[in-house]
Amino acid sequence: MTAGIRFLLHCLAGGTIGVCTVFFAIVGALVMAFFTSGDVAVPGIIRIWRSRENGAVALNFVPDAVGMIVAAVAIAVVYVLVRMLVGRRTRRARVAE
């Protein structure tokens, strides 16, 4: 497989992992806010607090779309860098044997 295709596949996988990680962080924060009485914040991504309206529990939140994108891209970049560097090191070890 050529280096360009490998790079694109790693970018796709990294992007997917980044988006899923941010999504699971948001879901976890929503669950924590629902079951606790305090504020829950994932810095730069979302802030959630609980209130009561008409006797029912309500979750209020303020999302930060730019922070979500930055977090997902940062995770993707780290994934791509690690995979490309580890892949290069592994190939060198195989060639040296």
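Scroll up to find the structure this text is about.
Residues numbered from 1 in each chain as written. Predicted model: local features only at pLDDT ≥ 70, side-chain atom pairs only at ≥ 80, totals over all residues. Heavy atoms only, no water.

Peer 1: Would you mind going over the sheet that holds strand β1 (residues 40-42) with me for this structure?
Peer 2: Adjacent strands of a sheet form backbone hydrogen bonds with each other and so pair up, either parallel or antiparallel. The three strands are arranged β1-β2-β3 in an open sheet whose pairing can be described as antiparallel. Sheet topology places β1 and β3 (56-63) at the edges, where each strand pairs with a single neighbour. Sheet twist, expressed as the average angle between the axes of neighbouring strands with direction ignored, equals 20°. Across three bridges, the pairing between β1 and strand β2 (residues 46-53) is antiparallel. Paired with Val42 across the bridge in β2 is Ile46. Contacts from helix α1 (residues 3-35) reach β1, β2 and β3, with the element oriented near 30° to β2. (Pairing = 2+ DSSP bridges. Helix = DSSP H or I, 4+ residues; strand = E, 2+ residues; numbered from the N terminus. Axes fitted to C-alpha atoms, helices over the stretch in contact; angles between N-to-C directions. Contact = heavy atoms within 4.5 Å.)

Peer 1: Looking at this structure, how should I read the nonpolar core?
Peer 2: As a rule of thumb, nonpolar side chains are buried together in soluble globular proteins. Membership of the largest hydrophobic core is limited to nine residues, which are Val22, Ile26, Ala29, Ala33, Val40, Ile45, Ile46, Ile48 and Ala72. Residue assignment for this core shows that the elements contributing at least two residues are α1 and β2. Top contributing element to this core by residue count: α1, with four residues. Aside from chain neighbours lying at most four places away, what touches Ala29 is Val40, Val42 and Ile48. (Core = buried A, V, L, I, M, F, W, Y, C linked by side-chain atoms within 4.5 Å. Buried < 20%, exposed > 50% of the residue type's maximum accessible area, 1.4 Å probe, protein only.)

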